[in-house]
Amino acid sequence: MSRIEIIPAIDIIDGRTVRLSQGDYARTKVYDASPVDMAKRYADCGIRRIHVVDLDGAKSSSPKNLHTLERMVVGANVEIEWGGGIKSEESLRALFDYGATYAIVGSVAAREPQLFSQWLEQFGGQRMVLGADVREGKVSVNGWQEDLAVTIEELIDGFLPQGLSQVVCTDITRDGMLQGPADELYVGLQERYQTIDFTVSGGIGSMADVERLSERGLRKVIIGKAIYENRITLKEIEQWLLNA
């Protein structure tokens, strides 16, 4: 069994690196390093893929930090998965034009499943990623500001015929809290949908969490606040990659 892939997270507001706690914009912490600098640091560690959330875009109807995306792509030789505000084909094409490798779509997938199905068929399951943000089993949309009645399983089932192969699932109650991920949620999903690569997101507080998820057969994990709060060092990430 291969080791779990680490995908560092960069959240952006006004072109700056920030982190939220439980998706609350009122609980925002700004970090010194710019998104471009952070991307370079991760690339230097050997990271191949970075998870970026345009929080300005998530609160509005379109991506707002595309020039920052462009600078990250130019400055660091990594693949970038980008989410936040992708609600039209125009926004989606702009995202790819500015250099993103993958597009993460959440609110549109939940509210307009026919549109996301169309994008899956048009751009392919290798580029389109379902962003499923979950609170107590139900899907949340619009920057986690609204909970829907649909479950994550119901959401996923609707996109399997169109070739869905990648899902980033965030447990909102744990996001930014550094208290460990919801292991059973992810193990259950991965066992149920073996053709899909699930990315664990929310709650990672130590490399012990990463090790445990890897041992349980999870394939990808996003690490955000734990890096910025020095709970997980870049040296530890580099060592993990060397031993992969």
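Model, not experiment: these values are computed from the prediction.

A. Summary view of the packing of helix α1 (residues 35–45) against helix α3 (residues 66–75). At their nearest, the axes of α1 and α3 sit 9 Å apart, and the two run at 30 degrees to each other. The pairing of α1 with α3 is recorded here as roughly parallel in orientation. The way α1 lies across α3 gives a crossing that is right-handed. Residues Pro35, Val36, Ala39 and Lys40 of α1 form the contact with α3, whose participating residues are Thr68, Arg71, Met72 and Gly75. Of the residues assigned to the contact of α1 with α3, the class counts are 4 nonpolar, 2 polar and 2 charged.

B. The side chain of aspartate 171, seen in detail. With respect to the helices and strands, aspartate 171 occurs in strand β10 (residues 166–171). Discounting chain neighbours no more than four positions away, the residues touching aspartate 171 are Val134, Ala182, Leu185, Tyr186, Ser201 and Gly202.

C. Spatial organisation of the pattern of salt bridges. A full pass over the atoms with the stated rule returns 14 salt bridges. When the shortest N-O distance is used, the salt bridge between glutamate 5 and lysine 220 registers 2.8 Å. In this pair, glutamate 5 is assigned in strand β1 (residues 5–13) and lysine 220 in strand β12 (residues 220–223), connecting sequence segments 215 residues apart. Its relative accessible area of 11% is what places lysine 220 among the buried residues. Where arginine 212 meets aspartate 209, a salt bridge forms, and the shortest distance between an N and an O atom there is 3.2 Å. Of this pair, arginine 212 and aspartate 209 both sit in helix α9 (residues 207–215), 3 residues apart, which is roughly one turn of that helix. Of the residues examined, aspartate 209 reaches a relative accessible area of 8% and is grouped as buried. Among the ionic contacts, a cluster of salt bridges with common partners joins Glu5, Arg48 and Lys220.

D. Seen up close, the packing of aromatic side chains. If you walk through the whole model with that rule in mind, you get 4 aromatic pairs. With a centroid separation of 4.8 Å and an interplanar angle of 80 degrees, the aromatic rings of phenylalanine 116 and phenylalanine 159 are classed as edge-to-face. Placement of the pair is phenylalanine 116 in helix α6 (residues 113–123) and phenylalanine 159 in the loop between α7 (152–157) and β10, with a sequence separation of 43 residues. In terms of burial, phenylalanine 116 and phenylalanine 159 fall into one category: buried. Judged by centre distance (6.1 Å) and plane angle (45 degrees), the rings of tyrosine 193 and phenylalanine 198 are tilted.

E. Highlighting the environment of alanine 244. Topologically, alanine 244 is positioned in the segment after α11 (234–242). Note: C-alpha distance between alanine 244 and threonine 28 (216 residues apart in sequence) is 34 Å.

F. Representation of α3 within the structure. Listed as buried for α3 are Leu66, Thr68, Leu69 and Met72. Considered in projection along α3, the buried side chains sweep an arc of 155 degrees and stay on one side of the axis. Every exposed residue of α3 that faces more than 90 degrees away from the buried side is listed here: His67 and Val74. Those residues of α3 hidden inside the fold are in contact with β1, α1, β4 (49–54), β5 (79–83) and α4 (89–97).

G. Quick peek at the environment of lysine 64. Along the chain, the position of lysine 64 falls in the loop between α2 (55–59) and α3. Distance in space between the C-alpha atoms of lysine 64 and aspartate 14 is 8.2 Å, their sequence separation being 50 residues. With near-sequence residues (within four places) excluded, lysine 64 lies in contact with Asp54, Asp56 and Gly57. Looking at lysine 64, its side chain comes within polar contact range of the side chain of serine 62, at 3.4 Å.

What counts and how
- Residues numbered from 1 in each chain as written.
- Predicted model: local features only at pLDDT ≥ 70, side-chain atom pairs only at ≥ 80, totals over all residues.
- Heavy atoms only, no water.
- Axes fitted to C-alpha atoms, helices over the stretch in contact; angles between N-to-C directions.
- Helix = DSSP H or I, 4+ residues; strand = E, 2+ residues; numbered from the N terminus.
- Parallel < 35°, antiparallel > 145°, perpendicular 65-115°, else oblique.
- Left-handed = near helix turned anticlockwise from the far one by under 90°.
- Contact = heavy atoms within 4.5 Å.
- Nonpolar A, V, L, I, M, F, W, Y, C, P; charged D, E, K, R; others polar.
- Salt bridge = Lys/Arg side-chain N within 4 Å of Asp/Glu carboxyl O.
- Buried < 20%, exposed > 50% of the residue type's maximum accessible area, 1.4 Å probe, protein only.
- Phe/Tyr/Trp six-rings, centres within 6.5 Å; stacked < 30°, edge-to-face > 60°.
- Arc of directions from axis to C-beta.
- Polar contact = N/O pair within 3.5 Å; in protein donor to acceptor, adjacent residues only side chain to side chain.

So far we have only geometry, and geometry alone does not tell us how the molecule works.
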